[in-house]
Number of protein chains: 4
Amino acid sequence: MANSKYEYVKKFEVDDKLPPHNWIVLRIDGCHFHRFSADHMFEKPNDENALNLMNICAVTMLEHFPDIVFAYGVTFILKETTEFYQRRASKILSLGVSYFTSVYVMKWKDFFPHKELREPPPFDGLKVICCYPRAKIVRDYLAWRQVDCHINNQYNTCFWMLVKSGKTEREAQESLKGTLAKDKNELLFQQFSVNYDKLPAMFRKGSCVYVDKVEETVKLDDSGNPVKRVRKKVTVGHFDIIGPKFWNEHPYILEEE
Amino acid sequence: MANSKYEYVKKFEVDDKLPPHNWIVLRIDGCHFHRFSADHMFEKPNDENALNLMNICAVTMLEHFPDIVFAYGVTFILKETTEFYQRRASKILSLGVSYFTSVYVMKWKDFFPHKELREPPPFDGLKVICCYPRAKIVRDYLAWRQVDCHINNQYNTCFWMLVKSGKTEREAQESLKGTLAKDKNELLFQQFSVNYDKLPAMFRKGSCVYVDKVEETVKLDDSGNPVKRVRKKVTVGHFDIIGPKFWNEHPYILEEE
Amino acid sequence: MANSKYEYVKKFEVDDKLPPHNWIVLRIDGCHFHRFSADHMFEKPNDENALNLMNICAVTMLEHFPDIVFAYGVTFILKETTEFYQRRASKILSLGVSYFTSVYVMKWKDFFPHKELREPPPFDGLKVICCYPRAKIVRDYLAWRQVDCHINNQYNTCFWMLVKSGKTEREAQESLKGTLAKDKNELLFQQFSVNYDKLPAMFRKGSCVYVDKVEETVKLDDSGNPVKRVRKKVTVGHFDIIGPKFWNEHPYILEEE
Amino acid sequence: MANSKYEYVKKFEVDDKLPPHNWIVLRIDGCHFHRFSADHMFEKPNDENALNLMNICAVTMLEHFPDIVFAYGVTFILKETTEFYQRRASKILSLGVSYFTSVYVMKWKDFFPHKELREPPPFDGLKVICCYPRAKIVRDYLAWRQVDCHINNQYNTCFWMLVKSGKTEREAQESLKGTLAKDKNELLFQQFSVNYDKLPAMFRKGSCVYVDKVEETVKLDDSGNPVKRVRKKVTVGHFDIIGPKFWNEHPYILEEE
């Protein structure tokens, strides 16, 4: 039976190849994540298990897709020269989101052994696929995300401290309205004896996942000198990525061709 | 801390709204599904449990996303006038794929209680998002898929019959080379006493999922006459969707505005 | 000398094919046409020569590009099934705009024998290329343009009447603020004894260009009966295209496949 | 009269903004230029008047659109940071092509006082609009064009010499088949005593148009020292743009932000 009569429908397919020589950013995000965290009673403002589950998903992504050179939270950077799926946006997006979701669901019980996953985690891509023409702009993108992380975390830390101390959510919101960064730090210190800068870096800085190059001694040679080799290892860290320090120490991550 | 210095990176976001008054087709597909089925020892040529798991996922999709009016296998049709996520392709794609994947992983154990899910199911969107300007063309698209299903199933049925009867995969392939539909039916009948047309419709026709409108008697009124109402029910069926019969009986599914 | 070293730059080309089975609308427009008309002292509110020049350009377009089935002013409709330049948006756009511009400049002197063309006419495509999935929507698009033409022309007629009668442009603007269609007709009639409906149809309705099918007698046959044939002729008219009459009389123009 | 009923048609408009921080290349080209040159009896292989007309058009483009930083032949480079028409591809394309065409038609008689322009010049955009993420790639693009110009010109020079010396076009084609660059130079020298490298640079190198910064003495100051200023001047040249020399001398042309 010939299929040709209907095959014209294939002509509606759209070529969605991303332009060459651009870094590809895939940002998975949760559209109704607030409700999902409430339903699963995540701790506020930060649930360490939930964050570690996310990080394991990110690590698995880097291990599975070698062209991902960096992840910050749920934002993944594919290297400028990747030819993964011929750079087709919809393939990269759907494969990445599907894989991430699978790992999240499959590893849930490792991080929440006593909590059942009650509904599908609502991952979609908030600002799904973007192309950035230069490493410098990718760094600005990541800085933008980390500034955002900081602002949100500082606010949420204050908010939940106030709520846990007896305020209603509305009252907490009111008392934070218009406050600056230093006001919030002051509030934490004065009212709750919390030094914001001493809170875990994972909360304040977010999580970076990347391939680290670790030099290790394999054996000693015949003259007794150490024989070294560079081993690649997917690593999670909670660094400042706004300043140049991290990037200077890991120049190979965003190296332009 | 002002974020404005980095906010220019948002300008790289692309508007990917799909054109109005077009039917949207989302086709989820498995890129390395052969390996996945082998790893999980799915029955050949058709694993009933695996198909039923797929169908439950499709049913859940229609229940969760009310703008999906029809599914054929893993192809989903969104109604022409949907404003779901402002018709943004990447949102529809990522949310659909993520939800489908989650349900697949979460329901796995209901269908394979004695088989562990060993790796993420490899769903990506093969021909991810297409726009079809008329209901007529959507029907041609679905016909194209059903013809394809038929051709593949007939071939696979023969192939695995031959293999199970002692041929190598290579020999099976050789003996099917160049055969027509009627040759294959003849082969099944002569060598294996199998009447292809009597095989389960789910294998031959694939699975359609849609909202059926069922009329039911709620009670009798004071005069003893039945009071009826139309109830909507997500339904799975294995019909011919190439001819007009199904569509004539369910005109509301692909109704143009 | 091999060129291959640089040929990678071709990979940056983008596929911009318009989707099949959609009507293509090319709308050429003048971005700074006000200044251009002032510089060339076009008559206000309508310069008949300028309009006729535009119409000749549109006629030439239909003669030169057989897939253009209809023009309204400077809006051109390409038939749903056109394969002109493989439906590549940028080719259709640039070729159409270039051809239109050339004809405008080359024919200028036929319509303005005593006026020199002092600067390039500023044609660009205001809402350049659109795809419309159904003939019904193309008709709505054209209706939208004709309503717009009517509203603008009525306003401009009043405005220039007032200005020519001694008001400043500002005063004219003020006295028209907030007036409805019937107020404007009343104003024209009361103050200037002008019956708006008697003004030339070209001003009120705009110009339609299309291929008319004219039946004509070629000769008499041996029995003395007329032998007729249908001749195609690019025709300019100033009809109402909002109602169904014109379309009912010319069903072949927007016929869907 | 309300227009709102039809205004939904505007929703079909597509956002075609080009991504930020990319150099924009607009390449106008002639789709049937061979026929056009034959019809107007341009000299072979190069018609100096026709080339000079093209160059004047390019100069006028740079004067009119200040964001064009460089032209090579009919390829125009818009600076990386241009916000011209909000970087909308269709606007840049249609406005550029329309302006170029107008100038070509209007200036025709200055270059061909005794030849009538018989038909619209067939300009369309062959590879219309491309985005290049780095100055380095723009240079490779231009190098690619200049290599192409060289190969074509060398071939055409040989071809027309042979034809003018009595060969048929077919014979000329045959005798050039498979020849290398040095064979062609040899042929020109042996058979026609032509030293290819002595032919006009405009033929061999093509034409570059750019804004040159010329230092000039305005006056002498009170102490008798020259007061200088930098004057910008649109300039045509026929340089090598494959090597670094020109770019080192004019670093401001492709300066990245």
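Residues numbered from 1 in each chain as written. Chains lettered and ligands numbered in written order. Predicted model: local features only at pLDDT ≥ 70, side-chain atom pairs only at ≥ 80, totals over all residues. Heavy atoms only, no water.

Turning our eyes to something else, we now look at the sheet that holds strand β7 (residues 208-220) of chain D. Residue and element names in this part refer to chain D. Spatial strand order, β6-β1-β4-β3-β7-β8: 6 strands in an open sheet with antiparallel pairing. Looking at the sheet topology across the chains shown, the edges are occupied by β6 (129-132) and β8 (226-237). Averaged over all neighbouring strand pairs, the angle between strand axes comes to 30°, with direction disregarded. Here 4 bridges tie strand β1 (residues 23-27) to strand β4 (residues 75-78), and the two strands are oriented antiparallel to one another. Residue Arg-27 lies in a different strand from β4, and its bridge partner there is Thr-75. Contacting β1, β4 and β6, helix α3 (residues 89-111) runs over the sheet at an angle of about 40° to β1. The strands that helix α4 (residues 135-164) touches are β1, β3 (68-72), β4 and β6; relative to β1, the one it contacts most, it runs at about 20°. (Pairing = 2+ DSSP bridges. Helix = DSSP H or I, 4+ residues; strand = E, 2+ residues; numbered from the N terminus. Axes fitted to C-alpha atoms, helices over the stretch in contact; angles between N-to-C directions. Contact = heavy atoms within 4.5 Å.)

The interface of chain D with chain A comprises 9 residues on the first partner and 9 residues on the second. Summing both sides of the interface, chain D and chain A together bury roughly 620 Å²; the carbon and sulfur share of this comes to 42%. A:Arg134 is paired through a salt bridge with D:Glu80; the nearest N and O atoms lie 2.8 Å apart. Along the contact surface separating chain D from chain A lie 6 residue pairs in polar contact (both at pLDDT 80 or more). Partitioning the side of chain D that touches chain A into residue classes produces 4 nonpolar, 2 polar and 3 charged. (Buried area = accessible area lost by both parts, 1.4 Å probe. Salt bridge = Lys/Arg side-chain N within 4 Å of Asp/Glu carboxyl O. Polar contact = N/O pair within 3.5 Å; in protein donor to acceptor, adjacent residues only side chain to side chain. Nonpolar A, V, L, I, M, F, W, Y, C, P; charged D, E, K, R; others polar.)

What follows concerns helix α6 (residues 181-192) of chain D. Structurally, the α-helix is built with 3.6 residues per turn, so residues lying three or four positions apart point the same way. Residues and elements named next belong to chain D. Given a rise of 1.5 Å per residue, 12 residues ought to cover 16 Å, and the 16 Å separating the end C-alpha atoms of α6 matches this to within 8%. Among the residues making up α6, those that are buried are Lys-184, Leu-187 and Leu-188. Axial view of α6: buried residues confined to an arc of 95°, hence all on one face. Residues of α6 that are exposed and point over 90 degrees away from its buried face: Lys-182, Phe-189 and Gln-190. Those residues of α6 hidden inside the fold are in contact with α4 and α5 (169-176). Where α6 ends, the next residue or the one after it, Ser-193, has phi of about 50°, a positive value. (Expected span 1.5 Å × (residues − 1). Buried < 20%, exposed > 50% of the residue type's maximum accessible area, 1.4 Å probe, protein only. Arc of directions from axis to C-beta.)

The next thing to look at is the relation of the copies chain A and chain B. With an RMSD of 0.1 Å, the fit of chain A onto chain B corresponds to turning through 180° and sliding 0.0 Å along the axis. This pairing of chains is accounted for by a two-fold axis. Comparing interface residues between copies, 100% of those in chain A also lie at the interface in chain B; the contact surface is shared. (Least-squares fit on C-alpha atoms with pLDDT ≥ 70 in both.)

In this section: the side chain of D:Lys184. With respect to the element layout, D:Lys184 can be found in helix α6. Among residues more than four places away in sequence, those in contact with D:Lys184 are D:Gln154, D:Tyr155, D:Cys158 and D:Thr179.

Turning our attention to the UniProt feature "binding site: GTP" (unreviewed entry) in chain A. All names here are of chain A. The UniProt record marks Asp-29, Gly-30, Cys-31, His-32, Phe-33 and His-34 with the feature "binding site: GTP" (unreviewed entry), using the residue numbering of this structure. Examined against the element boundaries, Asp-29 turns out to sit in strand β2 (residues 29-30). Those residues in contact with Phe-33 that sit more than four places away from it in its chain are Phe-42, Met-54, Tyr-104, Pro-122 and Phe-123. (UniProt positions renumbered as here; feature names shortened; annotations may be inferred.)

The next thing to look at is the pairing of strand β6 (residues 129-132) of chain A. Residues and elements named next belong to chain A. Residues Ile-129 and Cys-131 point to one face of β6 and Cys-130 and Tyr-132 to the other, with burial holding for every one of them. One ladder, built from 4 bridges, connects strand β1 (residues 23-27) with β6; its direction is antiparallel. Across the sheet, Leu-26 pairs through a bridge with Ile-129, a residue of β6.

Below, the discussion takes up the sheet that holds strand β4 (residues 75-78) of chain A. Residues and elements named next belong to chain A. A sheet is described by the order of its strands in space; here 6 strands give the open sequence β6-β1-β4-β3-β7-β8, paired in antiparallel fashion. Only two strands of the sheet have a single partner each, and these edge strands are β6 and β8 (226-237). Put simply, the sheet's adjacent strands are angled 30° from each other on average, direction ignored. Across the sheet, helix α2 (residues 48-64) touches β3 (68-72), β4, β7 (208-220) and β8, and the angle it forms with β3 is around 170°. The sheet strands contacting helix α4 (residues 135-164) are β1, β3, β4 and β6, and the helix crosses β1 at an angle near 20°.

In this complex, chain A contributes 52 residues to the contact, which on the side of chain B involves 52 residues. When residues of chain A are sorted by the area they lose upon contact with chain B, A:Tyr6, A:Phe12 and A:Trp144 head the list and together hold 14% of the total. Scanning the region where chain A abuts chain B turns up 0 salt bridges. The interface formed by chain A and chain B holds 8 residue pairs in polar contact (both at pLDDT 80 or more) in total. Counting only elements with at least two residues in the side of chain A that touches chain B, the list comes to α3 (89-111), β5 (123-124), β6 and α4 of chain A. Considering each element in turn, the side of chain A that touches chain B owes the most residues, 13 residues, to α3(A).

For the structure shown, the criterion picks out 56 salt bridges over all chains. When the shortest N-O distance is used, the salt bridge between A:Lys17 and A:Asp15 registers 3.8 Å. Here D:Lys177 and D:Glu174 are joined by a salt bridge, their closest N and O atoms 3.3 Å apart. Since its relative accessible area comes to 43%, D:Glu174 is described here as partly exposed. Within this structure, A:Glu80, A:Glu256 and D:Arg134 form a network of salt bridges that share partners.

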